[in-house]
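# Chain and residue survey
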Amino acid sequence: MDLSAINPVLLVASLMIAATPILLAAIGELVVERAGVLNLGVEGMMIIGAICGFAIAVETGSPLVGFVGAAFAGAALSLLFAFLTQIMLANQVASGLALTLFGLGLSALIGQGYAGQKPPPTPRLDLPVLSDMPVLGQVLFSHDPMVYFAIAMIAATWAVLKYSRVGLILRAVGENHDAAHALGYKVVRIRILAIMFGGACAGLGGAYLSLIRVPQWTEGMTAGAGWIALAIVVFASWKPWRVMLGAYLFGGVTVLQFNLQAAGVSIPVQYLSMAPYVITILVLVIMSSSKSRAALNAPAALGRIFHATH
Amino acid sequence: MTSIKTILTGAALALGLTTAAFAADTTKVGFVYVGPIGDFGWSYEHNQARLAVEEAYGDKVETTYVESVPEGADAERVLTQMALSGHDLIFTTSFGYMDPTMTVAAKFPDVKFEHATGYKRDKNVSTYSARFYEGRAVIGTIAGRVTKTNKVGYIASFPIPEVIRGINSAYIHAKKVNPDVEFKIVWVYTWFDPAKEADAATALIEQGVDVIMQHTDSPAAMTIAEEKGIVAFGQASDMVQFGPNARLSSIIDNWAPYYVARVGAAMDGTWESTDTWAGIKDGMVGIGAFSDKVPADVAAEAQAISDSISSGSYHPFTGPLNKQDGTVWLADGEVADDGTLAGLDFYVEGIEGDIPN
């Protein structure tokens, strides 16, 4: 055993990279769920973002254009879900699962010919003084821009939901769509916009995987990250900052256990791997243990179909 | 997620096959893959062999496949659907399909099964595997020679005999040419998850590893090695396109001759339950070309080992070899028998760490 082989600075830096894809996807899904819609298609939107971002970045040579394209692709795919659930009033769970299947298949189709290609590198932040600081510089100031963008998204989502009128309306729609409708808010329109936001975020998360974290395209490369993002939203009890905590915890556990293993520490890998899920279950149990707690958390209209009767 | 995908692909498959079942004189061959066919590793090579079967027999054979099938209960359902929909021969191409294959095979005695890398057989279940450890001996030699930090990283999937054999073989041969070499082994508990494989590679590199070997299915580790400027070996497939500078050599699985022969046997009625374990000699294990990063003398040394294994004059597990705890495993000159190798569950002396259970 040689714990000194683990460099805590590098560990934190890799942890942030490992957490960013699920962080982006989870914050998008949080907004969708706060609007009262359960979209289980996160995995499908992520992988579409991964391949579209990759393909666009390869073709244009610009990772930035790739990320923008990935956001649009994710949002475009989510429109399919929005059409099914908001216009056709289809079941959200079934539509979400279908979206995941569709996304996985479509991405494999688009991705033909892109395997083995190299995406253009995303430049890392290089601030004159800050990035050169011994420890803080590496932990805080030398990542790629998407890491900061993801954290900024958390802050923005939190502020908008908590302080702005838009956030209030969004939450109203998610808590009681009939009341919101009676007040004159366009429930369906607001929900479609929320779904598109979720799709764009998931697309960005997927593109982060294919452009920065793994830098390659492989079929099915999200390998369940979308489902982890869904679990994080529940773990976070629908609160933005807790999403960040959850993403860093879920991402961190993986990176930490690999480092411990490489350092020769004999740890029961299985237990560490399942820790985040156990914590999620515990959070759910605690949340549902009393009515007052439950009422504080899940959006009341989550997953319910809205049909304007008048 | 993959399980849901499997249900639906399975259902779609069953639907498609009920219509096709009327064409009776074609032989129907099914393939079950653990990852996507586009993984450019393990499942990709199995699918290449499926295409070779189609090419060899044309209209006389009809092949189907289901990809990304999780090991365990999901596999049993996919296999049952395949058996019900009139398949004559089914290839199950991952170790974790062993028990599902046995269960379904017992229910469908008329359907023939071929299970890769397992050890359970029945009158309608054959097993086949490649002696990957022979390839590991070759690339282990190269790894021992080229490492400058004397730390070789090994990304392992599951603690099963096949993976443990690979680690032991690579270590023995790296150690033989470089007594100071140290193996850092990370278990990722998945065959295919590019993000995890990439994280494992990054963790290893951060701890001073400068050569990476893997026993997982995606080229993620190769990509990371390329990015970080270290070297690695292709696994299952050549993977050179993912690491033009990083790739030293590779172990390539070539299932096509076996698949073509077995499908042929099923067609002419000579199919019998067999246990095949083929290596470099039979061409099932291929060694990818040595890149120019491999010094000429090292390449010659590695080639010599490959040749001696191929000719049968050398066995990668030849004594004296001790187990990790220091007890004698093989006496001087003694060669490990296939039975012991098939169930190998211990490290050889010198490897640090425990095998997770």
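Residues numbered from 1 in each chain as written. Chains lettered and ligands numbered in written order. Predicted model: local features only at pLDDT ≥ 70, side-chain atom pairs only at ≥ 80, totals over all residues.

### Comments concerning the overall build of chain A
For chain A, the count of helices and strands is 13 helices and zero strands. Scanning chain A from its N terminus toward the C terminus, one meets helices and strands in the order α-α-α-α-α-α-α-α-α-α-α-α-α. Taken against the 2.2 N^0.38 rule, which gives 19 Å for 310 residues, the C-alpha radius of gyration of chain A at 20 Å falls within 12% of a compact globule. When its C-alpha atoms are laid out on the principal axes, chain A stretches across 65 × 50 × 40 Å. Within chain A, the fraction of its 310 residues that count as buried is 49%. For chain A, restricting intrachain contacts to residue pairs at least 6 apart in sequence, the fraction spanning at least 24 positions comes to 78%. (Helix = DSSP H or I, 4+ residues; strand = E, 2+ residues; numbered from the N terminus. Rg over C-alpha atoms; globule rule 2.2 N^0.38 Å. Buried ≥ 20, exposed ≤ 12 C-beta atoms within 10 Å, placed from the backbone. Contact = placed C-beta atoms within 7 Å.)

### A closer look at unusual backbone geometry
Residue and element names in this part refer to chain B. A cis amide bond links Gly319 to the next residue, Pro320, at an omega of 5°. Topologically, Pro320 is positioned in the loop between helix H10 (296-311) and strand E13 (321-322). Not every positive phi belongs to a glycine, and Thr117 is a case in point at roughly 65°. Of note, Thr117 is situated in the loop between strand E4 (112-116) and strand E5 (125-130).

### Concerning the sheet that holds strand E1 (residues 27-32) of chain B
All names here are of chain B. With respect to topology, six strands assemble into an open sheet ordered E2-E1-E3-E4-E5-E11, the strand pairing being parallel. Looking along the sheet, the strands with just one partner apiece sit at the ends: strand E2 (61-66) and strand E11 (275-278). Sheet twist, expressed as the mean angle between neighbouring strand axes with direction ignored, is 15°. Where E1 meets E2, six bridges bridge the pair, whose relative direction is parallel. For Phe31, the partnering residue across the bridge sits in E2 and is Tyr65. (Pairing = 2+ DSSP bridges. Axes fitted to C-alpha atoms, helices over the stretch in contact; angles between N-to-C directions.)

### A closer look at the sheet that holds strand E6 (residues 151-156) of chain B
Strand pairing in a sheet takes place through backbone hydrogen bonds and is either antiparallel or parallel in direction. Residue and element names in this part refer to chain B. Taken in spatial order, the six strands line up as E7-E6-E8-E9-E10-E12 in an open sheet, and their pairing is mixed. Looking at which strands have only one partner, the edges of the open sheet turn out to be strand E7 (182-187) and strand E12 (285-287). Strand after strand, the sheet turns through a mean of 15° between neighbouring axes, direction not considered. Of the strand pairs in this sheet, E6 and E7 are connected by six bridges, and their pairing is parallel. Looking at E7, one finds that Gly153 is bridged to Lys184. Each of E6, strand E8 (211-214), strand E9 (231-236), strand E10 (247-253) and E12 is contacted by helix H5 (residues 132-146), which is oriented at about 175° to E10, the strand it contacts most.

### Looking at the domain arrangement of chain B
Residues and elements named next belong to chain B. In terms of domain boundaries, chain B breaks down into domain 1 (2-130) and domain 2 (132-253 + 285-342). Put simply, the middle of domain 1 and the middle of domain 2, counted by C-alpha atoms, are 30 Å apart. Per-element accounting of the side of domain 1 that touches domain 2 gives the leading share, four residues, to helix H2 (residues 42-57). Among the residues making up the side of domain 1 that touches domain 2, the classes are represented as seven nonpolar, five polar and two charged. (Domains from an automatic or database assignment. Nonpolar A, V, L, I, M, F, W, Y, C, P; charged D, E, K, R; others polar.)

### Comments concerning the pairing of E10 of chain B
Residue and element names in this part refer to chain B. Within E10, seven of the seven residues are buried, which leaves the element mostly enclosed by the surrounding structure. Looking at chain direction, E9 and E10 are connected through four bridges and run parallel. Residue pairing in the sheet places Gly234 in a bridge with Ser250 of E10. As paired strands, E10 and E12 are joined by three bridges and run antiparallel to one another. Bridge pairing in E12 links Asp253 to Val285.

### Things to note about the interface of chain A and chain B
Taken together, the contact pairs 39 residues of chain A with 38 residues of chain B. Those elements that place two or more of their residues in the side of chain A that touches chain B are helix H1 (8-34), helix H4 (92-110), helix H9 (187-213), helix H10 (225-235), helix H11 (240-262) and helix H12 (269-287) of chain A. Residue contributions to the side of chain A that touches chain B peak at six residues, all from H11 of chain A. Counted by class, the side of chain A that touches chain B contains 21 nonpolar, 15 polar and three charged residues.

### With respect to the pairing of E7 of chain B
Extensive coverage of E7 of chain B is indicated by the burial of five of its six residues. For the handedness criterion, the β-α-β arrangement of E6 of chain B, helix H6 (residues 161-177) of chain B and E7 of chain B is classed as right-handed. (Right-handed = clockwise from strand over helix to strand, strands pointing away.)

### Quick look at H2 of chain B
Side chains of residues three or four places apart in an α-helix project in the same direction, reflecting 3.6 residues per turn. Residues and elements named next belong to chain B. Its 16 residues place the ends of H2 23 Å apart at the C-alpha level, agreeing with the 22 Å of an ideal helix rising 1.5 Å per residue. Among the residues making up H2, those that are buried are Trp42, Ser43, Tyr44, Glu45, His46, Asn47, Ala49, Arg50 and Val53. Lining the buried residues of H2 we find E1, E2, E9, E10 and helix H9 (256-268). Phi turns positive one or two residues past the end of H2, at Gly58, with a value near 55°. (Expected span 1.5 Å × (residues − 1).)

### What about the packing of helix H2 (residues 42-60) of chain A against H9 of chain A?
All names here are of chain A. Orientation of H2 relative to H9, taken along the N-to-C sense of each, is 55°, at an axis distance of 6 Å. Here H9 runs oblique to H2, going by the angle between their axes. Crossing of H2 against H9: the hand is right-handed. Judged by residue contacts, Val42, Met45, Met46, Ile47, Ile48, Gly49, Ala50, Ile51, Gly53, Phe54 and Ala57 of H2 engage Gly199, Ala202, Gly203, Leu204, Gly205, Gly206, Ala207, Leu209, Ser210 and Leu211 from H9. Broken down by class, the residue content of the contact of H2 with H9 amounts to 14 nonpolar, seven polar and no charged. (Parallel < 35°, antiparallel > 145°, perpendicular 65-115°, else oblique. Left-handed = near helix turned anticlockwise from the far one by under 90°.)

### A closer look at the confidence of the model for chain B
Residue and element names in this part refer to chain B. Put simply, chain B has an average pLDDT of 90, and 93% of its residues get 70 or more. Segment residues 11-23 is flagged for pLDDT under 50; beyond a separation of four residues in sequence, or across chains, it makes twelve contacts in the model. The ipTM value of the predicted complex is 0.85, and its pTM value is 0.86. (pLDDT = per-residue confidence, 0-100.)

### Remarks on H2 of chain A
All names here are of chain A. If you check H2, its first and last C-alpha atoms are 26 Å apart, about what 19 residues at 1.5 Å a residue would give, namely 27 Å. The element H2 is largely enclosed, with a buried count of 16 among its 19 residues. Gly61 lies just past H2 and shows a positive phi near 80°.

### Some thoughts on the packing of H2 of chain A against H4 of chain A
When two helices pack together, you describe them by how their axes are tilted relative to each other and by the distance separating the axes. All names here are of chain A. Contact geometry for H2 and H4: axes closest at 7 Å, N-to-C directions at 20°. Between H2 and H4, the angle is such that the two are roughly parallel. Regarding H2 and H4, the two cross each other, and that crossing is left-handed. Of the residues in H4, those touching H2 at Glu43, Gly44, Met45, Ile47, Ile48, Ala50, Ile51, Cys52 and Ala55 are Leu99, Thr100, Leu101, Phe102, Gly103, Leu104, Leu106, Ser107 and Ile110.

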